[in-house]
Amino acid sequence: MTDAPGPVEPLGRPILDRLAFERLTAAHRRELKLHCYRMMGSLHEADDLVQDTFLRAWRGRSQFDGRGSVRGWLYTIATHSCLNAIKARSTAHRILQQPGRPETDGRATGGPAAEFTWLEPYPDTELPDLVDDEPGPEARYEAREAVQLAFVAAIQLLPPRQRAILLLCDVLGWSAVETAQLLGGSTASINSALQRARATLGERYPQGRPQQRSRPNRQEALLLERYMQAWQAAKLDSLIELLKEDATYHMPPWREWYRGREAIHAFFETVWGNFSGYRTVAIGANAQPAVGVYARSHQDLLWRPHSLHVIEPADGKIASLTIYVPPLGPELFAAFGLPPI
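These remarks concern the structure in this document.

What counts and how
Residues numbered from 1 in each chain as written. Predicted model: local features only at pLDDT ≥ 70, side-chain atom pairs only at ≥ 80, totals over all residues. Heavy atoms only, no water. Pairing = 2+ DSSP bridges. Helix = DSSP H or I, 4+ residues; strand = E, 2+ residues; numbered from the N terminus. Axes fitted to C-alpha atoms, helices over the stretch in contact; angles between N-to-C directions. Expected span 1.5 Å × (residues − 1). Buried < 20%, exposed > 50% of the residue type's maximum accessible area, 1.4 Å probe, protein only. Contact = heavy atoms within 4.5 Å. Phe/Tyr/Trp six-rings, centres within 6.5 Å; stacked < 30°, edge-to-face > 60°. Lys NZ or Arg CZ within 6 Å of the ring centre and 35° of its normal.

Re the sheet that holds strand S2 (residues 257–259)
For step 1, the next point in the chain: The strand order across the open sheet formed by 6 strands is S2-S1-S6-S5-S4-S3, and the pairing between neighbours is mixed. The two strands at the open ends of the sheet, each matched to only one other strand, are S2 and strand S3 (277–285). The sheet shows a mean angle of 20° between the axes of neighbouring strands, taken without regard to direction.
For step 2, the next point in the chain: Here 3 bridges tie strand S1 (residues 243–250) to S2, and the two strands are oriented antiparallel to one another.

Next up, the structure:
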């Protein structure tokens, strides 16, 4: 399998003790966790699966012959663990938007949709170094593209095996031959599945790929600062001014979603006064600007976790806004290092 930059020491023989095993495998923990997250759409499931990967690797270390790389061996275990976990759960994918549901106009009335499993954001603190973690030469996506919340949401709609193949080939840059060795099957079957996966993504991205994310810059930092100030000052008009005219807004776990400044403004007017004030904390999610918001009710003076906001900036404005609202939003605070109160 294609290695990360620089040589990777093989496990080889004799069988390594636990300290030597951990020394050789620890360097791959973050990239394996991100791989599991992309496969599953869940930070919590990714945590469990990367632990399962290392446990299986430890138990099966005597079967590794040292001819390949440690990295390739671990990806083999992690990918199969993800595919098995997807088979075992009730749905093959997580969503940011209910498939086929039209945009909403006006008040949201449906309430949290517990029948769906929702795509979770990913803390930037858990990401591998996106500068050094360059994909292989056959990759179609840059590292920062393949982390975006919208991209992870799009690949969730692929059948699990196609999802794995696209990630291995187009994100990690492995060849069809290497991917066939990992997943089983012929090179032709891998290429066929890859073409189908690319065609499905092409329907979501007419230009063939998500918008390329630039490195964080002053314009983006200013946008985030203005966004946080609008919430803390409770100035709805100032918030709406930051949106592009055709911006979209999603609010998991509510099924309603909105498109355009006017529709988003109309919705926020119905809920803006539900709390007496807001406090904001800048974080990072999916290599995008993000904010944790605490709210204080009219009856309770304590600041309590309210929502987690993930921003997709474009041309100095907000192209897409995803706000994880209660009960899902507060449940995510611990994963982002945000205090409970």
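Structure's up, so let's keep going.
Some remarks on helix H6 (residues 160–171)
For step 1, the next point in the chain: Relative to the 16 Å expected for 12 residues at 1.5 Å per residue, H6 spans 15 Å between its end C-alpha atoms, a close match to the ideal helical length.
For step 2, the next point in the chain: Summarising burial for H6: 10 of the 12 residues are buried, a large majority.
For step 3, the next point in the chain: Structurally, H6 contributes buried residues whose contacts are with helix H2 (29–40), helix H4 (70–88), helix H5 (149–156), helix H7 (176–183) and helix H8 (187–204).
For step 4, the next point in the chain: Gly173 sits one or two positions beyond H6 and adopts a positive phi of about 85°.

Structural notes on the side chain of His35
For step 1, the next point in the chain: Mapping His35 onto the fold places it in helix H2.
For step 2, the next point in the chain: The class for His35 is buried, based on a relative accessible area of 2%.
For step 3, the next point in the chain: Among all residues touching His35, those that are not within four sequence positions of it are Tyr75, Ala78, Thr79, Leu167, Leu168 and Leu172.

Some thoughts on the pairing of strand S4 (residues 288–296)
For step 1, the next point in the chain: Judged by how many residues are buried, S4 sits mostly within the fold: 8 of 9 residues are covered.
For step 2, the next point in the chain: Across 9 bridges, the pairing between S3 and S4 is antiparallel. If you follow Ala285 over to S4, its bridge partner there is Gln288.
For step 3, the next point in the chain: Hairpin geometry of S3 and S4 is characterised by an intervening segment of 2 residues between the two adjacent antiparallel strands and by a positive phi of about 55° at Asn286.

Points about the packing of aromatic side chains
For step 1, the next point in the chain: Counted by the stated rule, this structure contains 17 aromatic pairs.
For step 2, the next point in the chain: Here Tyr249 and Phe267 contribute two aromatic rings whose centre-to-centre distance is 5.7 Å and whose plane-to-plane angle is 35°, an arrangement assigned as tilted. Of this pair, Tyr249 sits in strand S1 while Phe267 sits in helix H11 (residues 261–271), and the two are 18 residues apart along the sequence.
For step 3, the next point in the chain: Overall, the relative accessible area of 2% leaves Tyr249 in the buried class.
For step 4, the next point in the chain: Look at Phe267 and you get buried, because its relative accessible area is 6%.
For step 5, the next point in the chain: Arg29 extends its terminal NZ or CZ atom over the ring of Phe54, reaching a point 4.5 Å from the ring centre.

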